[in-house]
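# Examination of the molecular architecture
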Amino acid sequence: MSDTVSPTPQDFIAEGTERKCFRHPRNPDRCFKVLHPERRLGRFWREVRYYTRLRHRAVDFHHLTVFHGLLDTSLGKGAVFDLVLDDDGRVSKSLDTYLASNDRAFNDWAVTEIERLKHYLYDHWIVFHNLNPANILVKRLGFDEFRLVVVDGIGHNHFIPLASYNRLYARNKIVRVWNRRYRQWYAAYPAVVSRLTPYLVI
Ligand SMILES: Nc1ncnc2c1ncn2[C@@H]1O[C@H](COP(=O)(O)OP(=O)(O)OP(=O)(O)O)[C@@H](O)[C@H]1O
Ligand SMILES: [Mg+2]
């Protein structure tokens with residue numbers, strides 16, 4: 001008997017430019033991601049390596065999804081992660097989706113939480129290359145209680161992985177990437193981007 005998982009259309013959750021995300025047919029609290037056929041495997045393996053490294057470092061996964069290893073699927077290798085769910089059991093929506101409504105109270109919350117997330121990533125020296133609001137989900141925990149969870153864009157593409165092992169180097173990279181790119185990531189949301197700040201390097 002083959003252990004290959006064959007996702008059905010009902011298992012499909014969402015897709016980005018690189019991957020499709022499906023609910024795990026045997027474990028409803030997890031999802032798996034497969035690469036679009038024409039995409040190269042480099043980024044996929046880099047992400048797997050980086051998440052494995054984070055697990056060995058025992059970082060706090062409060063704002064991340066835990067990586068649970070690989071799986072053979074009818075669409076190729078799948079990388080298994082926690083599925084981010086709201087308190088009502090539905091798949092959480094992206095920060096993009098929420099920001100699109102341009103609600104003043106939500107924008108205030110989002111600015112505070114994005115800044116908090118920035119500091120969490122710096123403190124735990126978790127390197128990212130793309131923190132755009134489609135890569136962040138808003139997990140509803142209860143009435144008026146939400147948390148940002150990053151589902152993509154974590155890791156780096158350095159061939160020599162100093163940023164995975166050296167705290168100073170990693171933090172340097174974090175500051176550079178955020179300060180150079182956050183205005184572009186949040187450009188569609190002027191009320192938010194104008195209040196986000198660069199990391200201040202002393
Ligand atoms: N762990 C998760 N739980 C729930 N939904 C998720 C999860 N991971 C991804 N998704 C959904 O699937 C979409 C695509 O996943 P992901 O961002 O990982 O793909 P991608 O193709 O690598 O993205 P990009 O376009 O940034 O390259 C996300 O924007 C999100 O809506
Ligand atoms: Mg993405």
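Just so you know, these numbers come straight off a predicted model, no measurement behind them.

## Brief notes about the sheet that holds strand β7 (residues 136-142)
Read across the sheet, 3 strands follow the order β6-β7-β8 without closing on themselves; strand pairing throughout is antiparallel. With partners counted over all chains shown, the strands left at the sheet margins are β6 (93-94) and β8 (145-150), one partner each. Across 6 bridges, β7 lies against β8 in antiparallel orientation. Paired with Arg140 across the two strands is Phe146, which belongs to β8.

## Brief notes about the sheet that holds strand β2 (residues 19-24)
With antiparallel pairing, 5 strands are arranged side by side in an open sheet as β1-β2-β3-β5-β4. Edge positions in the sheet fall to β1 (12-15) and β4 (67-73), since each has one partner strand and no second. If you compare each strand with its neighbour and ignore which way they point, the axes differ by 30° on average. Alignment of strand β3 (residues 27-35) against strand β5 (residues 76-82), held across 5 bridges, turns out to be antiparallel. Directly across from Val34, in β5, lies its bridge partner Gly78. This element, helix α1 (residues 42-56), spans β2, β3, β4 and β5 of the sheet and lies at about 145° to β4.

## So, the packing of aromatic side chains
If you walk through the whole model with that rule in mind, you get 15 aromatic pairs. Residues Tyr98 and Phe146 carry aromatic rings whose centres are separated by 6.4 Å and whose planes lie at 70° to one another, so their mutual orientation is edge-to-face. In this pair, Tyr98 sits in helix α2 (residues 95-99) while Phe146 sits in strand β8, placing the two residues 48 residues apart along the sequence. On the accessibility criterion, Tyr98 (18% relative accessible area) is buried. We classify Phe146 as partly exposed; its relative accessible area is 24%. Ring geometry for Trp109 and Phe146: centres 6.0 Å apart, planes at 70°, overall edge-to-face. One end of the pair, Trp109, is in helix α3 (residues 104-123); the other, Phe146, is in strand β8, and 37 residues separate them in sequence. By relative accessible area, Trp109 is classed as partly exposed at 22%. Feature note: the residues Tyr122, Phe128, Trp178, Tyr182, Trp185, Tyr186 and Tyr199 constitute an aromatic cluster, connected by ring pairs.

## What about the site of ligand 1?
Taken together, 20 residues surround ligand 1, and among them Thr17, Glu18, Arg19, Arg43 and Asp82 come closest. Ala134 is positioned with one of its backbone polar atoms (N or O) 3.0 Å from an oxygen atom of ligand 1. In the environment of ligand 1, an oxygen atom lies 2.9 Å from a nitrogen or oxygen atom belonging to the side chain of Asp152. Taken atom by atom, the bulk of ligand 1 overlaps the largest pocket. Of all elements in the fold, only β1, β2 and β3 reach the threshold of two or more residues within the shell around ligand 1.

## Observations regarding the layout of surface pockets
Of the pockets and cavities examined, the largest pocket occupies roughly 600 Å³. Gly16, Ala134, Asn135, Val151 and Asp152 are the residues nearest the centre of the largest pocket, which is lined by 30 residues in total. Counting residues per element, the ones that place at least two in the lining of the largest pocket are β1, β2, β3, β5 and β6. In terms of residue class, the lining of the largest pocket is made up of 11 nonpolar, 10 polar and 9 charged. The two domains that each donate at least three residues to the lining of the largest pocket are domain 1 (9-82) and domain 2 (93-193).

What counts, and where the lines are drawn
Residues numbered from 1 in each chain as written. Chains lettered and ligands numbered in written order. Predicted model: local features only at pLDDT ≥ 70, side-chain atom pairs only at ≥ 80, totals over all residues. Heavy atoms only, no water. Pairing = 2+ DSSP bridges. Helix = DSSP H or I, 4+ residues; strand = E, 2+ residues; numbered from the N terminus. Axes fitted to C-alpha atoms, helices over the stretch in contact; angles between N-to-C directions. Contact = heavy atoms within 4.5 Å. Phe/Tyr/Trp six-rings, centres within 6.5 Å; stacked < 30°, edge-to-face > 60°. Buried < 20%, exposed > 50% of the residue type's maximum accessible area, 1.4 Å probe, protein only. Near = heavy atom within 4 Å. Polar contact = N/O pair within 3.5 Å; in protein donor to acceptor, adjacent residues only side chain to side chain. 1 Å grid on protein atoms, 1.4 Å probe; cavity = no way out; pocket = protein on both sides within 12 Å on 5 of 7 lines; lining within 4 Å. Sits in = over half its atoms within 2 Å of the grid points. Points joined across faces, edges and corners; volume = space filled by probe spheres on them. Nonpolar A, V, L, I, M, F, W, Y, C, P; charged D, E, K, R; others polar. Domains from an automatic or database assignment.

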